[in-house]
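# Inside the fold
These are the residues of each chain, in order.
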Amino acid sequence: MPTSTIPQGAATGTGPTGAAPRRSSPATSRGGHRASAAWMTAGLAARGRRLISAAVAIIIGTAFLATSLILVATAQRGLEDGVAAGLRDADLVVEIQYSWLTTEQFDAVAAVDGVGRITGDASTYAEHGSDFFAGVSVPTAGATLLQGAIPTATGEIAVNPLAADNGVAVGDTLTVTGLENEDGTVNAIEATVVGIIDPGELSQLSFGEGFMATDATLRELDPWLGYASAQVELAEGADQDAVRTALATAVPDAEVRTGPEAAEARVAQLTGETAVLGAILLGFGAVALATAAIVIANTFTITLAQRTSELALLRCVGAAKAQIRRMVLLEALLLGMLASAVGVLVGLGTAWGLLAFARTLELGIPLGSGLAVTTLAVMLPLAVGTGVTVLASLHPATRATRVSPLAALRPTDPVRPGRRAGWVRIGLAVLLVGAGLAAMLYAATNRDMLAGVAGGLLSFAGVLLAAVVIVPLAVRALGVVARRTGVPGRLAVDNAVRNPGRAAATSAALLVGVTLITMTTIGAATGERTALGEIDDAYTVDLALSASAGTDEDDQPVPAQIPPGIESRVRALEGVADTALVPTTELTLGDQDWSTQALGLDEQHGNVFRSAEQLANLKPGTVGLSEGLQSMYGLEVGDRLDVSGAGGSQEMTVVEVGLGYDVAVHAQDLPLLGGDQVGDGTLLIRAADDADLPALLTGIEDLGEDSLSYGGSAVDRAVITQTLDVLVLVTTALLGVAVVIAVVGIANTLSLSVVERRREHALLRGLGLTRGQMRSMLLTEGVLLAVVSALIGLGLGLLYAWLGVQTVLPEGTDVRLGIPWARLGLILALALLAGLLASVLPARRAARVTPAQGLATT
């Protein structure tokens, strides 16, 4: 009789008189629920080791979800503190969407009955000397007083640390110049510096020198002063609803909200990236939980299959189907609750560590202090983890009730090969894959993101359904090589395909992770290659250092000139392939009343140009404009355009030359147009193909030439490269969680199958299979399933990435597929390693069992 874990007394079947057992309906038996609970508790304790992998999967999934929710809530709270603390504390807030409140509207708000105190959120641009000197109103949300006092009187200002670093100190008197009046006069005040204030990370004063002042001071500087909002504190005894109605009447164009409502709207408007980040994190949390569900369902299916004799024996001694089902579901419920609780605790610890690390970095996002542990961040992971576990056990629990009591009276049969996939399953899989592909093709053609996501989910669901056919076929194909390694290889292939359902379930978790990682990797590489190609077309020079034209002491114009020695210093920077000093002047296009920087180019500058075709099109009598400038001036290639400068004018033919907002003419034409105002005012730089662009830009900035400005495709290249590299790094790390769960799933399946095939392995050992061959067989089986999962995932990821990029990018974009072979090779290697690691412990367990022990187990 098979050994089984049954609580003492459950199998005796005798009452006080020793009568035969009588089956009781759980609906009428008062002890039915208690019996199910007792069997469940004893069974769960006895099978604890078998359920560890399922618990680990639940812990990882719920920890991921809890971490995501806590990180998003903490970032959201920090952002609200940084950009909307003043709004949040107000009774009512008046603002106009996508516009400003005028001073008249602001004063109308202040005049409404019931308004006790009003604070404006105003800003203006002024000048201190020849530099811009931005001004904002005080008090400012998120600001910190570092020295001195907060301005309270007209003419008092507090400067930011950037101004203080440039020599402005408390007690200084500064001449601050504001904007012009209608009559052309300029407002200026003598301002006294009374304090130094840190404006916070998201203030507009974080990006240059600036000051804070009272509303009266700002109005003296700016006759057109506008307010982003008016924050109202109600007078004592005022009715909020009545005042809200009166404010809406006083300023009909404005929207009146409560403070918390306005704060939430401001955060949503200014920091949309946080919502995107939250969606990404929660999306990957869902992926982790879905992958965990696969592992959990597989675990319960196999453990219940191994307990056939035990469950049937329970049925023989009086357990009803409902009690068996209840017992299995209670096991899942208890396991889910315990593992989810641990997962939440792990998530709390992980979130604390990540935030502590993030606060040491300059991320540009205020993260505040502490953790925002909300009820949602605790209860949702608990509920989802428990729910996923119970749902994953429903099908195994239903199957467990189909066990015939007579099955307990005969020895355990050897594992039979799994049944072939039914036609209904195959037909449904084909239907889902076909519908999904059609939706993704439609999405790629019409740029419909929703259709693309739905198509991807449908097609992937179809692939998972068809895995019972695809995985065994792929294992057999790869097994051709494994079979040639000898008996262990042939047995490994046979074991891997013997039960298609188990093979498909084993590979599903890893398939999910590899597909998503591949899709992200190839999608990012394709997006980067496509974007860089578009940048090369729009700006065919990597870097351009430009000097500005000026005037001499007699106010006579002086042409732009790169300082001596700059070119040699730039050439010495790491990552610079070549440079060219180019003649420059200011030219006027058409009848415009402003001038534009123009460069004189010819074939000798091909060493720094990325587009030889564009340079070849720039012939004498032509003017080169980028697509942006053509659009700005309403021109097309081939149009005629009057170009004039200090030396004369000429009608020229428009050609395309990607220099951003700079103009290009042939080197022969520039002296004729610019006259004596032509100087070597631009240094063009070609970066090496393997250059570290952020480091190169830092090197340019470290030259210390503040009079020079730089632009070019390298700036955009650096931003795009960094952004996409961070995206790949973050998503790969997040999706790595799914791969960890997948490794747990493979190890779990192999471990349970080792127990399931104990007699078979003992018989093989008895027939001469050595321990080393046994280990080799199981290692080969795990690697085969992992490699098959990885190869299928790589193929699906490539397809999804190609169609996804075309869905995301604007219509007409020349999509250039980028395949990072090194990264894909790394993914395949990691999958191989996953199969090996997942097989180690099961192989050791199988090899330790002697033939006599295995054959004695019935």
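Above this text you will find the structure in question.
Now for a quick tour of the structure. (Residues numbered from 1 in each chain as written. Predicted model: local features only at pLDDT ≥ 70, side-chain atom pairs only at ≥ 80, totals over all residues. Heavy atoms only, no water.)

### Re the pattern of salt bridges
Applying the stated rule across the entire model yields 11 salt bridges. Residues Arg257 and Glu255 are paired through a salt bridge, measuring 3.2 Å at the closest nitrogen-oxygen approach. Each of Glu95, Glu255 and Arg257 takes part in salt bridges that share partners, so that together they form one network. (Salt bridge = Lys/Arg side-chain N within 4 Å of Asp/Glu carboxyl O.)

### Observations concerning a negative patch on the surface
Together, Asp552, Glu553, Asp554 and Asp555 make up a region of like negative charge exposed at the surface. Inspection of the secondary structure puts Asp555 in the loop between β12 (550-551) and β13 (557-558). You can call Asp555 exposed: its relative accessible area is 62%. (Patch = residues over 30% accessible without salt bridge, like charges linked within 9 Å, V, L, I, M, F, W, Y side chains within 5 Å. Areas by Shrake-Rupley, 256 points an atom, 1.4 Å probe, with all protein chains shown as cover. Lys, Arg positive; Asp, Glu negative; His and termini not counted. Charge placed at Lys NZ, Arg CZ, Asp CG, Glu CD. Helix = DSSP H or I, 4+ residues; strand = E, 2+ residues; numbered from the N terminus. Buried < 20%, exposed > 50% of the residue type's maximum accessible area, 1.4 Å probe, protein only.)

### Points about the pairing of strand β9 (residues 226-234)
By the criterion of burial, β9 is predominantly enclosed, with 7 of the 9 residues buried. Summarising the sheet, strand β2 (residues 115-128) and β9 pair through 7 bridges and their orientation is antiparallel. Across the sheet, residue Ile118 finds its bridge partner in β9, namely Val232. (Pairing = 2+ DSSP bridges.)

### Considerations on the nonpolar core
Core analysis: the biggest nonpolar cluster contains 35 residues, and Ile157, Val159, Val176, Phe211 and Leu247 have the highest contact counts within it. Apart from residues lying up to four places away in sequence, Val159 is in contact with Phe133, Ala164, Val168, Val193, Gly195, Ile196, Ile197, Gly210 and Phe211. (Core = buried A, V, L, I, M, F, W, Y, C linked by side-chain atoms within 4.5 Å. Contact = heavy atoms within 4.5 Å.)

### Let's talk about the packing of helix α12 (residues 423-446) against helix α23 (residues 771-808)
Interaxial distance between α12 and α23 falls to 7 Å at its minimum, and their mutual angle equals 35°. Across the interface between the two elements, Leu437, Met440, Leu441, Ala443 and Ala444 from α12 touch Leu799, Tyr800, Leu803, Gln806 and Thr807 from α23. Residue composition of the contact of α12 with α23, grouped by class: 8 nonpolar, 2 polar and no charged. (Axes fitted to C-alpha atoms, helices over the stretch in contact; angles between N-to-C directions. Nonpolar A, V, L, I, M, F, W, Y, C, P; charged D, E, K, R; others polar.)

### Thoughts on unusual backbone geometry
Here Arg447, not a glycine, exhibits a phi torsion of approximately 55°, which is positive. Within the secondary structure layout, Arg447 lies in the loop between α12 and α13 (449-483).

### Some details on the packing of aromatic side chains
A full pass over the atoms with the stated rule returns 2 aromatic pairs. Seen in terms of ring centroids, Phe106 and Tyr227 are 4.1 Å apart; in terms of plane orientation they differ by 10°. Their pairing is stacked. Of the two residues, Phe106 is situated in helix α3 (residues 103-110) and Tyr227 in strand β9; the sequence distance between them amounts to 121 residues. Taken individually, Phe106 and Tyr227 each receive the classification buried, so the pair is uniform in this respect. (Phe/Tyr/Trp six-rings, centres within 6.5 Å; stacked < 30°, edge-to-face > 60°.)

### Observations concerning the environment of Leu545
Considering the arrangement of structural elements, one finds Leu545 in strand β11 (residues 543-546). Residue classification places Leu545 among the buried residues on the basis of a relative accessible area of 4%. Each C-alpha atom, one on Leu545 and one on Ile566, is 9.7 Å from the other, the two residues being 21 residues apart in sequence. Non-local contacts of Leu545, meaning those with residues more than four positions away in its chain, are made with Ile562, Ile566, Val570, Gly681, Thr682, Leu683, Ile685, Ile700, Leu703, Leu708, Ser709 and Tyr710.

### Re α3
By the burial criterion, the buried members of α3 are Thr103, Gln105, Phe106 and Val109. Down the axis of α3, the sector holding all buried residues measures 160°, keeping them to one side. Elements that come into contact with the buried residues of α3 comprise β1 (92-95), β2, α5 (215-221), β9 and α6 (240-250). (Arc of directions from axis to C-beta.)

### Comments concerning a nonpolar patch on the surface
Taken together, the side chains of Leu826, Leu830, Leu832, Leu833, Leu836 and Leu837 present a nonpolar region at the surface, about 530 Å² in accessible area. Structurally, Leu833 can be placed in helix α24 (residues 821-848).

### Concerning a positive patch on the surface
Among the surface-exposed residues, Lys321, Arg325, Arg399 and Arg402 lie close enough to one another that they form a single positively charged patch. Structurally, Arg399 can be placed in helix α11 (residues 375-400). The exposure class assigned to Arg399 is partly exposed, which follows from its relative accessible area of 42%.

### Digging into the environment of Leu697
Note on placement: Leu697 falls in helix α20 (residues 693-701). Here Leu697 falls in the buried class, since its relative accessible area comes to 10%. Taking the C-alpha atoms as reference, Leu697 lies 9.8 Å from Gly575; in sequence the two are 122 residues apart.

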